[in-house]
Structures are given as structure tokens and as C-alpha cells.
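One letter stands for each residue in the lines below.
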Amino acid sequence: MSSSLTHLLRIPSPIGRIELTGDGEAVTSLSIARDGVLPLDDHAERSSAVLDDAAAQLAEYFAGDRRSFDVPVHLTGTPFRTAVWERLADLEYGALTTYGELGLAIGRPGYGRAIGGAVGANPVPIIIGCHRVLSSTGKITGYSGGDGIPTKLWLLEHEGITLAA
């Protein structure tokens, strides 16, 4: 593991195994297994208090008992991506937005493709709810976590959001 990822914890979830990394002070990434595989499967686990707290909050979220996360996260990215992620962090449980609305909110209208790239690069999905972003037509255009669109649909339905097929 690199020096910024000094801690690692894996937990089960209804959408597959989840891998959390941290720097001792905050969560730095969350990955959802794709085809049963996680990015750091070949590394030994070494948890920390913040990762244990994140795991507990995720368990409460999946049980339907938590609607927001208050675990600290460290986001590393370009100023543009960080602005998108900070705006996503303000999206409440069960709320939806579009790529276009996100662009308007950060003062970048017409940047839909770049907004989509930033949303897809969110290092801490679920904790920062990138699954709550749809196309302007209300369609699910993709999801970078787990098994993609089925994982996104599961998360949306878990939050009480049902979409027309």
C-alpha cells in the first residue's frame, strides 16, 4: 500500500464486499467488488478507528438505520473534481440530481461529460452519494462501482427511489 493508504478494511454488504482505505485520520477510498474482486485483495487488512467507524456507519446504512454519514473523508483530485464531489456530498438520502444540475451548481454549465467523469471518479461512493446522479432524461447512464448499473439501481431502491424502466 502507498503511504497515503496506511489502513485497509474489507466488509460484507448486500451489494458485494466493500474495501475501505484510510490514512489514519479519514477514509480515502471505498471500492465495491466487481465480479467478486477488490482492488487491494492481495494486501493484508490493517484497520483503524476511522475505518471501523465507517464500517459501522455503512452497516447502519445497509440496515436502513442511517441516512447520512459523518465519517471524515480525504478527497484527492483536481479542483474541478473536488468541487463536484463536495457538491455530491450535500445531496441528501433519497434525493436525485442530474449531471447538468451539478454543472450549474458549481458554475460550469455545459460541462456534462466532464461532470460525468468526475462523478465516476468519486473515491468514496455511497459515503458521497454519486449513485444519486442521473442523466437529464432521468436515465441511469452508468455506475463505476460494483456491478455497475445493477449496483446503482440497488442503492437507489434502497433509498426509496424507484425509476421507470
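Details of the structure are given in the entry above.
Peer 1: How would you sum up helix α4 (residues 112-120)? Please name residues and give values.
Peer 2: Three- or four-residue spacings in an α-helix give side chains the same orientation, since the helix completes a turn every 3.6 residues. Buried within α4 are the following residues: Ile 115, Ala 118 and Val 119. Along the long axis of α4, the arc covered by the buried residues comes to 100°, so they all point the same way. Contact partners of the buried residues in α4: α2 (79-89), α3 (99-105) and β5 (133-134).

Peer 1: Just give me the short version of the nonpolar core, but keep the residues and values in it.
Peer 2: With 36 residues, the main nonpolar core has Leu 20, Leu 58, Val 84, Leu 88, Val 119 and Ile 126 as its most contacted residues. Sorting the residues of this core by element identifies β1 (7-11), β2 (18-22), β3 (27-32), α1 (49-62), α2, α3 and α4 as the ones contributing at least two each. It is α1 that contributes the most residues to this core, seven residues altogether. With residues up to four places along the chain from it excluded, the contact list for Leu 20 reads His 7, Leu 8, Leu 9, Val 27, Ser 29, Leu 30, Leu 51, Ala 54, Ala 55 and Leu 58.

Conventions used here
- Residues numbered from 1 in each chain as written.
- Predicted model: local features only at pLDDT ≥ 70, side-chain atom pairs only at ≥ 80, totals over all residues.
- Heavy atoms only, no water.
- Buried < 20%, exposed > 50% of the residue type's maximum accessible area, 1.4 Å probe, protein only.
- Helix = DSSP H or I, 4+ residues; strand = E, 2+ residues; numbered from the N terminus.
- Arc of directions from axis to C-beta.
- Contact = heavy atoms within 4.5 Å.
- Core = buried A, V, L, I, M, F, W, Y, C linked by side-chain atoms within 4.5 Å.

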